[in-house]
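Notes for the structure review
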Amino acid sequence: MHLMAPPHVARLLLGSPLYRSPGFLARFLPAEPEDIVGTRTRDPDAPIVDPLIDSDIRHYQDALAALLSLPPHEDVEVGGLAPHRLDLSDEARHLLASAYNETEVAQGGDGPLAEAREWASKSMEHACRIAGVLTLLRDHNAGIVDVEAMRGGLTLAMFYLSEYMRLVGLAATDADITIAQQLLAWMQRRVASQQALGADDVISLRDITRLAQPKALRAGRTARRALAVLDEHSWLVRAGDRRWRLRAIPAE
């Protein structure tokens, strides 16, 4: 399954023990690419580039086509598929065992992986599957996963584990803190633009409910909650009724 979701939807899943604790989310390889919205400009005069010019992409496409053209291995007695087995080379097995032991120890007690043990406990399974995919992409007749493929599988599995930990941590962030951070970022941009024009740097509640970005901040109740959090954390200085200035940060 390849599942894509907007960040706010994905964080509802990642922040829910209902989906985390049974190991459902641990069966996915999570990743959140950097947001590039606002940078995707196009030159209408630029030549159209064929992606297959890239030798890696062309090789990947050819490898997938070769795998898809193979006849399925069927178990005629039991029924269903019976794909051929991939064994590990001795070097690959030793590398896997070493990584497994390190990951297992890190899940215990207050270890660095204790908060993500549902994914960490499956990380070596993911590494093996990825190593198998890398092996068959290179040679669809292969029967051995070598140490190079296992090292690649482990590298990718550790990347996905780090993404899982990062995204679960973001999902656990208090919603009011997230809203307050968004408001603070907008207020900082607003003040900078006002100062550049020589205008007053005071921001009113009306400014926020009319102009703030993202637009979700414009709801009165949401704006007041975010302002209360910023005030609690000493980011604001009152400049009148429902008017504020950002507190200056002393230079180091």
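Here's what I pulled together on the structure shown here. Quantities reported herein were computed from a predicted structural model and do not represent experimental measurements.

**With respect to the packing of aromatic side chains**
- Per the stated rule, a full pass over the model turns up three aromatic pairs.
- Measuring from centroid to centroid gives 5.2 Å for phenylalanine 159 and tyrosine 160, while their planes differ by 65°, and the two rings are edge-to-face.

**Things to note about the nonpolar core**
- Within the largest apolar cluster, 19 residues are counted, with the highest numbers of intra-cluster contacts made by Leu183, Trp186, Met187, Ile208, Leu227 and Leu230.
- Of all the secondary-structure elements, those providing two or more residues to this core are α8 (175-196), α9 (205-211) and α10 (220-232).
- Broken down by element, the residue count for this core peaks at seven residues, all from α8.
- Apart from the residues within four sequence positions on either side, tryptophan 186 is in contact with Ile203, Asp207, Ile208, Leu211, Ala212 and Gln213.
- Within the second largest apolar cluster, 15 residues are counted, among which are Leu25, Leu113, Tyr160 and Val168.

**Remarks on the packing of α8 against α10**
- Two numbers describe how α8 lies on α10: the axes approach to 8 Å, and their chain directions differ by 85°. Relative to α10, α8 is oriented roughly perpendicular. Contact residues: α8 offers Asp176, Ile177, Ile179, Ala180, Leu183, Leu184 and Met187, while α10 offers Thr222, Ala223, Arg225, Ala226, Leu227, Val229 and Leu230.
- Class assignment for the residues of the contact of α8 with α10 results in eleven nonpolar, one polar and two charged.

Rules of the game
Residues numbered from 1 in each chain as written. Predicted model: local features only at pLDDT ≥ 70, side-chain atom pairs only at ≥ 80, totals over all residues. Heavy atoms only, no water. Phe/Tyr/Trp six-rings, centres within 6.5 Å; stacked < 30°, edge-to-face > 60°. Core = buried A, V, L, I, M, F, W, Y, C linked by side-chain atoms within 4.5 Å. Buried < 20%, exposed > 50% of the residue type's maximum accessible area, 1.4 Å probe, protein only. Helix = DSSP H or I, 4+ residues; strand = E, 2+ residues; numbered from the N terminus. Contact = heavy atoms within 4.5 Å. Axes fitted to C-alpha atoms, helices over the stretch in contact; angles between N-to-C directions. Parallel < 35°, antiparallel > 145°, perpendicular 65-115°, else oblique. Nonpolar A, V, L, I, M, F, W, Y, C, P; charged D, E, K, R; others polar.

Note that all results are geometric; they support no functional claim without further evidence.
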